[in-house]
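# Secondary and tertiary structure notes
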Amino acid sequence: MADNATLAEKVFTELTTAIVRGELKPGDRLSEQQLVERYGGSRAPMREAIQKLEARHLVVRIPHAGARVVSLSLAELRDIYEIRVELESMACRLAAQRMPDDEIAELQALLKQHEQNIQEEQGLAYYQKAGDLDFHYRIVKGSCNARLHQMLCGELYHLVRMYRYQTSTSNKRPQQALIEHQRIVEAISARDAELAELLMRRHIQTSLINLEHRLEQEGQA
C-alpha cells in the first residue's frame with residue numbers, strides 16, 4: 001500500500017507539472033492504462049493520481065470520454081480573473097502593511113532565482129513551482145489573512161497557475177512579468193500599500209489581456 005501511495009504521489013506531481021507547463025494541453029485525455037505503461041505498477045495508483053488532479057480542478061471526467069485535462073472558455077477565465085484581480089490586489093496591499101521584513105528579503109531573493117530561471121529558459125518562459133517558490137503565493141501568504149489565503153490558494157490555485165503560465169510564454173512576457181514583480185516588491189518593501197495594490201492590479205489585468213490574445217490566436221476564444 002505504501003508503494004502504491006508513493007507511486008500515486010509521484011504520478012500526481014509529474015502530471016501537475018506537465019499540465020501547468022502545457023506539456024499536457026487542455027482537452028488531452030489521461031488514460032490509466034497509458035499511465036501504467038509509462039510508470040509501471042497497477043491501475044490503482046494511477047486512478048488515485050487522476051482523482052487528486054480532479055480535486056485540484058486540473059482534470060475533469062467527461063461521460064464516454066474519460067478523464068481529460070480541463071479546458072476553460074474565455075468567459076470562465078474572465079470570471080476567475082475578475083475575482084483574482086480584486087482579491088490579489090487586496091492581498092498585495094495587506095502584504096505591504098503586514099509582511100515581515102525577513103519575508104520581504106526572502107521574496108527579493110526568490111525573484112533573483114526567478115531571473116536566473118528565465119535566463120535558463122532563454123527568456124521564453126517564466127515557470128514558477130508551487131507554494132513558497134511561487135511569487136503570487138508568497139504575496140498572499142504575506143497578507144497575513146488566513147481567509148484570503150484560503151480563497152486564493154485553495155481550490156483554484158493550480159488552475160490559475162496553469163493559465164498564468166500560458167501568459168508567461170508570450171513574446172517578451174517573461175522579462176516584463178519579472179520587472180512587474182520586482183516593482184511590486186519594491187512597493188511592498190517601501191510599505192507603500194496603495195502603490196503595491198495598483199501595481200498588482202495592473203499586473204493581473206495585463207496577464208488577462210495576454211491570455212485573451214493567446215486564446216484568440218489559437219482559435220479558443
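See the structure above.
Being a predicted model, the structure only gives us computed values, none of them experimental.

Looking now at the environment of glutamate 121. Relative to the helices and strands, glutamate 121 is located in the loop between helix H5 (101-120) and helix H6 (135-142). When the C-alpha atoms of glutamate 121 and isoleucine 19 are compared, they prove to be 18 Å apart, with 102 residues separating the residues in sequence.

Our next topic: the environment of glutamine 166. Tracing the backbone shows glutamine 166 in helix H8 (residues 157-168). Residue classification places glutamine 166 among the buried positions, given a relative accessible area of 12%. Taking the C-alpha atoms as reference, glutamine 166 lies 17 Å from valine 85; in sequence the two are 81 residues apart. Once residues lying within four places of it in the same chain are set aside, the contact partners of glutamine 166 are Pro26, Leu211, Arg214 and Leu215.

Contact geometry of H8 with helix H10 (residues 193-217) gives a least axis separation of 9 Å together with a crossing angle of 80 degrees. One element, H8, and the other, H10, form an angle in the roughly perpendicular class. Across the interface between the two elements, Tyr163, Gln166 and Thr167 from H8 touch Ser207, Asn210, Leu211, Arg214 and Leu215 from H10. A breakdown of the residues in the contact of H8 with H10 according to their chemical character gives 3 nonpolar, 4 polar and 1 charged.

Let us now look at the sheet that holds strand E2 (residues 59-62). Consider a sheet: its strands pair through backbone hydrogen bonds, and that pairing is either parallel or antiparallel. Strands sit in the order E1-E3-E2 across an open sheet of 3 strands; the sheet is antiparallel. In the strand order of this sheet, the two ends are held by strand E1 (29-30) and E2, each with one partner. Alignment of E1 against strand E3 (residues 66-69), held across 2 bridges, turns out to be antiparallel. Paired with leucine 30 across the strands is alanine 67, a residue of E3.

Here H5 spans 29 Å end to end across 20 residues, near enough to the 28 Å set by a 1.5 Å rise per residue. Listing the buried residues of H5 in full gives Ile104, Leu107, Leu110, Leu111, His114 and Ile118. The buried residues of H5 occupy an angular sector of 110 degrees when projected down its axis, which confines them to one face. Exposed side chains of H5 directed beyond 90 degrees from the buried face belong to Asp101, Lys112, Gln119 and Glu120. Packing partners of the buried residues in H5 comprise H6 and helix H9 (173-189). Immediately beyond the C-terminal end of H5, within one or two residues, lies glutamine 122, with a positive phi of roughly 60 degrees.

Basis of the calculations
Residue indices begin from 1 for each chain and proceed along its sequence in written order. Only residues with pLDDT of 70 or above have their local features reported here, since the model is predicted, and side-chain atom pairs are shown and tallied only from 80 upward, although totals for entire chains, interfaces and linings are computed over all residues. Excluding hydrogens and water, the side-chain values take into account all heavy atoms of the structure. Numbered from the N terminus, helices here are DSSP runs of H or I no shorter than four residues, and strands are runs of E no shorter than two. Three labels apply to residues, based on accessible area from a 1.4 Å probe with only protein chains included: buried if under 20% of the type maximum, exposed if over 50%, partly exposed otherwise in between. Any two residues whose heavy atoms approach within 4.5 Å are treated as being in contact. To obtain each axis, a line is fitted to C-alpha atoms, and for helices this fit is confined to the stretch in contact; angles are then taken between N-to-C directions over 0 to 180 degrees. Convention used here: angles under 35 degrees read as roughly parallel, angles over 145 as roughly antiparallel, angles from 65 to 115 as roughly perpendicular, and any remaining angle as oblique. Any residue that is not Ala, Val, Leu, Ile, Met, Phe, Trp, Tyr, Cys, Pro, Asp, Glu, Lys or Arg is counted as polar, Gly included; the first ten are nonpolar and the last four charged. Paired strands, in this sense, are two strands between which DSSP finds at least two bridges. Residue count minus one, scaled by 1.5 Å, sets the expected span of a helix. Summarising the geometry, the arc corresponds to the directions from the helix axis toward the C-beta atoms.

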